[in-house]
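# Overview (structure and organization)
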Amino acid sequence: MDAVFDDCKRTLHLTQLWLHLGWADVARRYRRTVLGPLWHTLSLGVFILCMGLIWASVLKTDFHSYANHLTPSLVAWSFISAAILEGTAVFLNAQQTILTINLPYPVLVLGLIWKLAITFAHHLLLIVALMIVYQTPPNAAMLLLVPGFLLTSINCVWMAMLVGIICLKARDIQMLVSIGIQVAQFVTPVFWPVALIAPSLAWAVEYNPLYHLLQIVREPLAGRMPDSENWIWCGGMAIVGSLATFLIYAGVRRRMAYWY
Amino acid sequence: MAFIKLNDVSVEFSVRVGVGRALRGFVRRAGGEIDRKAGIVHALNDISIEINKGERVGLIGHNGAGKSTLLRTMSGIYAPKKGTIEINGNISALFHASAGMEPDDTGYQNIVNCGLFLGMTKKEVLAKVDEIAKFSGLGEYLDMPVRVYSAGMGMRLSFSIATSINPQILLVDEALGTGDAQFADKAQKRIVDLAERSSILVMASHSPGLLSAICNRGIFLEQGRIMADGPITEVIAAYHQSVAESAASDDEESGMRMLQLVRESVQRGETVPIHIEELALWHAIKLSVGDPAMLQRLCKLLSEQGKDVPVDLEIETLEAVLKIRPNEKASIERLEELRKIKREMLVIS
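Model, not experiment: these values are computed from the prediction.

## Quick word on the overall build of chain A
Assigned secondary structure in chain A consists of 11 helices and zero strands. Taken against the 2.2 N^0.38 rule, which gives 18 Å for 260 residues, the C-alpha radius of gyration of chain A at 19 Å falls within 12% of a compact globule. For chain A, the spread of C-alpha atoms along the principal axes amounts to about 55 × 50 × 35 Å. Out of the 260 residues belonging to chain A, those deemed buried represent 50%.

Here you go:
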C-alpha cells in the first residue's frame, strides 16, 4: 500500500513527464505528414457525412438534425472508446520502459489520456464546422464541456488503468475488450437518438455507464445541459471506480513487472 | 549517504503461462535455476549484499547467472519474492535500452525524453542539454533521428544522459562494451569520477578486463547465487577458475563460453592465463578445422608449459601450414618424420 501512495506522489512529481509523453506522441504524428492527427478528424468528418446522409433517411429525419446528434456523439465516443481500447495496451507496449526504469505505472495512463485529450481537441473542429455551416450561435450550456470532459477523463483514467492491468496479466482480455467496445458502440445511443428506444428497453440505456459518460460530454458539445442523473452516475463511478482500481493496483503492483 | 542493502533477497519468475514457448522466453531473460514441475525459475536465491559509498562493484557471471535480474531488483523494477531491499540515493540505470528513447525523435529530442524519465524537470534538462551533447561527442548527429544511429552512437547518447543527473547510484548493464575505444575511455573516466564523488557503481559484464579496469569490488554470480564477493582481482580469478573447470569437462557450451572469454580479453589486449587460452584453443580448433594460426598457437602454448605436443596435433598443424606455404623444407621434413613415428606407433599397437 505504501508503495502505491509513493507511486501517486511520484506520478505528481513526474507531471512534466506524462504531459510530455502525451504531447510528443501527438507531435510525432504530425511529422512528415501534412495533416498529422487531423487525418483522424478528417476521417471522422467523412464518416459523419456519409453516415449522416444514409441514416438521416433511414431514421426519416433531415440531415441537419441528424448531424447535430451524430457529430457530438462521435467526437465524445471516440475519446471514451479510445481510452478503453488503448488502455488495454498501455502497459503491454511499455515493456522496455517498465523493465528499464522504476516508473510509477499511472504515469503511462495519464500520458495516454492526455494524448487522447489533445486528439479530442482536434475533433472539436468538427463541432465548430457544424456550427458555422448551420449558423448556430454558441450558448452557455457549452461551458459545461469543461467539467463534463474533466469528469469523463477521470473515469477514463481508472478504466484505462484497470484494463491495462488486466490485459497485462491475461492477454486474451485485450481481444474481448475490443469486441466489447464494438458491441457497446451500438448498444449505447451513439448513432441513434435515445428518444427512439422503446420504453420497455429504456433501462438498457439508463443502466449503461458508458451512456452517462457520453452524455456529460456530448450534451454540452451539442449546446444542451446534461441531466443531473448523468452527473450523479459519472461522479459515483469516478469515486467507486478510482477506489477499486487503486485497491487492485495496490494488490498487484509488486507483481506487475513479472507479468511481462 | 548512498547505500544499497539486500537481505536474503530471492526473485522467481512464474512460467506457468503457456509452458512451452513462454518458458523459453523467460529463461533467456532471467536465467537461474529452472524448476520445471512447479513452473518457476529461481532467478536470484538468498542474495545478501551491502554496498556502500565509493564502491564500484563489478557483477560477473555467465549468461543467465542473474546479473541483469539483480540490477533490476536493485533499481526497484522487480520487487523481491522474499527478503528486503533498502536503497538510499537517487538511481540512474544504464541498461540495454533507455527509458524514453524514441527512434523517430532526434538526438536532442531524446535528451529531453530520457531526461524527463530520469525525473528531471524540463527546465533542468534544457539547462543540461549542451553539456550532454558535448559529452556524447555526437555533434551534428544530434539533429538526426536516433534510428539512423549505430549501436555505439545510441549507447553514447544513453550514457551521456544517464550520467548527467549525477546519480548517487549508477547501475550499468553491459552497455559500455559497444562504444569505440576513445569513448570507452571517456566513459570509464566519468564512471570512476562519479564513484569517487561518494556514489555507487554496480556494473554487470562478462568481460573481466573491463570490470577490473573500473571496479574495486567484484561479485561472481552463478545460477542466481553469489559464488564469490570480494576484491575484484580475486573474484575475477575465481571466475576464470570456474570457467576453466567447466570447460575442462569438455562440453560444447562451456567450451564456447571459454572461447568467447579469451576472444574478448585478447581484443582488449589483455593477457589471458596460459592454461585458459590452451583450453579455449582446444575448442577453437574443433570449430574451425585446419586453421594454421590457431594450431600453431596451441602447439606453442603446449611446449611453453612443458607439455608434450600430441603427434596428431603436430601433424594437423604442419599439414595446415603446408597448405598455405607448400615449399617450407623444414616443415616437410618434420611432417615426414612424424608420419613415420605414427606408422610405427600403429604397428606397435
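## Here's the deal with the overall build of chain B
Broken down by element type, chain B carries 13 helices and 10 strands. Put simply, chain B has 349 residues, and 49% of those count as buried. Across chain B, the fraction of contacts at a sequence separation of at least 24, relative to all contacts at a separation of at least 6, is 66%.

## Here's the deal with the side chain of Asn230 of chain A
Residues and elements named next belong to chain A. The topology assignment puts Asn230 in helix H11 (residues 228–256). Residue Asn230 is classed as buried on the basis of its relative accessible area, which comes to 1%. Of note is the side chain of Asn230, whose polar atom sits 3.0 Å from the side chain of His212. If near-sequence neighbours (up to four positions away) are discounted, Asn230 is found in contact with Tyr211, His212, Gln215 and Ile216.

## Quick notes on the interface of chain A and chain B
Contact with chain A, which involves 20 residues of that partner, is made by 31 residues of chain B. Three residues, Leu99, Thr100 and Tyr258 of chain A, lead the burial of chain A against chain B; their summed loss comes to 29% of the area buried on that side. Between the two partners, chain A and chain B, sit three salt bridges. For Arg31 of chain A, the salt bridge is made with Asp105 of chain B, and the minimal N-O distance between the two is 2.8 Å. Counting only elements with at least two residues in the side of chain A that touches chain B, the list comes to helix H2 (15–30) and helix H5 (95–98) of chain A.

## Some words on the environment of Asp229 of chain B
Residue and element names in this part refer to chain B. In this structure, Asp229 sits in strand S10 (residues 225–231). Residue class for Asp229 comes out partly exposed when judged on its relative accessible area of 37%. Residues within four places of Asp229 in sequence aside, it is in contact with Arg217, Gly218, Ile219 and Val235. A polar contact of 2.9 Å, which involves the side chain of Asp229, links it to the side chain of Arg217.

## A short note on unusual backbone geometry
For Gln135 of chain A, which is not glycine, the phi dihedral falls at a positive 55 degrees. Mapping Gln135 of chain A onto the fold places it in the loop between helix H6 (106–133) and helix H7 (145–169). At Asn166 of chain B, a residue that is not glycine, the phi angle is positive and equals roughly 50 degrees. Considering the arrangement of structural elements, one finds Asn166 of chain B in the loop between helix H5 (151–164) and strand S7 (169–173).

## Observations concerning the sheet that holds strand S4 (residues 56–60) of chain B
Residue and element names in this part refer to chain B. The strand order across the open sheet built from six strands is S6-S7-S8-S4-S9-S10, with neighbouring strands paired in mixed fashion. Only two strands of the sheet have a single neighbouring strand rather than two, namely strand S6 (91–94) and S10. Neighbouring strand axes in the sheet, compared pairwise and without regard to direction, differ in orientation by 15 degrees on average. In this sheet, S7 lies alongside S6 in parallel orientation, the contact comprising four bridges. From the neighbouring strand, Leu94 faces S7, where its bridge partner is Val172. Sitting on the sheet, H5 touches S6 and S7, and the angle it makes with S6 is about 170 degrees.

## Some remarks on helix H10 (residues 209–221) of chain A
All names here are of chain A. Here H10 is 13 residues long and its end C-alpha atoms lie 19 Å apart, about the 18 Å a rise of 1.5 Å per residue gives. Residue Gln215 marks the point of greatest curvature in H10, where the axis turns by about 30 degrees. For H10, a buried count of 12 out of 13 residues is recorded, marking the element as mostly surrounded by other parts of the structure. All of the buried residues in H10 are Leu210, Tyr211, His212, Leu213, Leu214, Gln215, Ile216, Val217, Arg218, Glu219, Pro220 and Leu221. The inward-facing, buried residues of H10 abut helix H4 (63–87), H6, H7, helix H8 (173–187), helix H9 (202–206) and H11. Its side-chain oxygen placed 2.9 Å from the backbone nitrogen of Leu210, Asn208 serves as the N-cap of H10. Immediately beyond the C-terminal end of H10, within one or two residues, lies Gly223, with a positive phi of roughly 85 degrees.

## Re the packing of helix H3 (residues 107–117) of chain B against helix H4 (residues 122–136) of chain B
Residues and elements named next belong to chain B. It is at 9 Å that the axes of H3 and H4 come closest, and there the two elements cross at 130 degrees. In terms of orientation, H3 and H4 fall into the oblique class. Of the two possible hands of crossing, H3 and H4 adopt the one that is right-handed. Facing H3, whose interface residues are Tyr108, Ile111, Val112, Gly115 and Leu116, H4 presents Lys122, Val125, Leu126, Val129, Ile132 and Ala133. For the contact of H3 with H4, the per-class residue count stands at nine nonpolar, one polar and one charged.

## Brief notes about empty space enclosed by the protein
Taken as a whole and assessed by the stated rule, the structure comprises one cavity of 30 Å³ or more. Considering the residues around the largest cavity, the lining is formed by Ile98, Ile101, Asn102, Leu103, Tyr105, Arg253 and Ala257 of chain A together with Gly76 and Ile77 of chain B.

## A closer look at the pairing of strand S8 (residues 200–205) of chain B
Put simply, side chains in a regular strand alternate between the two faces of the sheet. Residue and element names in this part refer to chain B. Most of S8 is tucked away, with six of its six residues classed as buried. With five bridges connecting them, S7 and S8 associate as parallel partners. If you follow Leu171 over to S8, its bridge partner there is Val202.

## Observations concerning the nonpolar core
Grouped together as the largest cluster of nonpolar side chains are 126 residues, with contacts concentrated most on Phe91, Tyr105 and Met256 of chain A together with Leu70, Met74, Leu157 and Val202 of chain B. Those residues in contact with Leu157 of chain B that sit more than four places away from it in its chain are Met101, Gly107, Asn110, Ile111, Leu138, Leu142, Val146 and Tyr149 of chain B. Listed in part, the 43 residues of the second largest apolar core include Leu94, Ile214, Leu261 and Val272 of chain B.

## What about the pattern of salt bridges?
Pairing between side chains of opposite charge can happen when the charged atoms of each approach one another. What the rule picks out here adds up to 23 salt bridges over all chains. Between Arg253 of chain A and Asp7 of chain A there is a salt bridge, and its shortest N-O distance comes to 2.7 Å. Residue Arg253 of chain A is found in helix H11, and its partner Asp7 of chain A is found in helix H1 (residues 2–13); the two are separated by 246 residues along the sequence. Neither Arg253 of chain A nor Asp7 of chain A differs from the other in exposure class; each is buried. Between Arg339 of chain B and Glu319 of chain B there is a salt bridge whose closest N-O contact spans 2.8 Å. Of the two residues, Arg339 of chain B is situated in helix H13 (residues 329–348) and Glu319 of chain B in helix H12 (residues 311–324); the sequence distance between them amounts to 20 residues. On the basis of relative accessibility, which here comes to 32%, the residue Arg339 of chain B falls in the partly exposed class. Each member of the salt-bridge network shares a partner with another, and the members are Asp25, Arg28, Arg31, Glu86 and Lys115 of chain A together with Glu102 and Asp105 of chain B.

Conventions and cut-offs
Starting from 1, residues in each chain are numbered consecutively following that chain's sequence as written. Chain A is the first chain written and ligand 1 is the first ligand written, with later ones labelled in order. Since the coordinates come from a predicted model, pLDDT governs what is reported: local features require at least 70, and pairs of side-chain atoms require 80 or more to be given and counted, while whole-chain, interface and lining totals use all residues. The basis for every side-chain value is the complete set of non-hydrogen atoms in the structure, without hydrogens or water. For the purposes of this entry, the term helix denotes a DSSP run of H or I that reaches at least four residues, the term strand denotes a run of E that reaches at least two, and both are numbered from the N terminus. With the radius of gyration taken over C-alpha atoms, the globule rule is written as 2.2 Å times the number of residues to the power 0.38. Three exposure classes are used, based on accessible area relative to the maximum for each residue type with a 1.4 Å probe and protein chains only: buried under 20%, partly exposed in between, and exposed over 50%. Pairs of residues are marked as contacts when any of their non-hydrogen atoms sit within 4.5 Å. Any pair of nitrogen or oxygen atoms within 3.5 Å is treated as a polar contact; in protein, a donor-acceptor pairing is required on top of that, and neighbouring residues in sequence qualify only through side-chain atoms on both sides. Here the quantity called buried area is the accessible surface, traced with a 1.4 Å probe, that two parts lose on coming together, added over both. Salt bridges, as used here, are contacts in which a Lys or Arg side-chain nitrogen is within 4 Å of a carboxyl oxygen on Asp or Glu. Here the rule is simple: two strands pair whenever DSSP picks up at least two bridges between them. Angles run from 0 to 180 degrees between N-to-C directions of axes, and those axes are lines fitted to C-alpha atoms, restricted for helices to the stretch in contact. By definition here, a helix of n residues has an expected span of 1.5 Å times n minus one. The reported bend at a residue is simply the angle between two axes, fitted to the 7 residues ending at it and to the 7 residues beginning with it. Angular relationships are summarised with four words: roughly parallel below 35 degrees, roughly antiparallel beyond 145, roughly perpendicular across 65 to 115, and oblique for the angles in between. Left-handed describes a crossing whose near helix is turned anticlockwise from the far helix by less than a right angle; the clockwise case is right-handed. Gly is put with the polar residues, along with every residue not named as nonpolar or charged; the nonpolar set is Ala, Val, Leu, Ile, Met, Phe, Trp, Tyr, Cys and Pro, and the charged set is Asp, Glu, Lys and Arg. Lining residues are defined by having an atom within 4 Å of a point belonging to a cavity or pocket. Those points lie on a 1 Å grid over the protein atoms alone, cavities being sets where a 1.4 Å probe fits but cannot get out and pockets being open sets with protein on both sides within 12 Å along at least five of seven lines. Grid points are joined across faces, edges and corners, and a volume is the space filled by probe spheres set on the points. Put simply, a nonpolar core is a bunch of buried Ala, Val, Leu, Ile, Met, Phe, Trp, Tyr and Cys residues held in one set by side-chain atoms that sit within 4.5 Å of each other.

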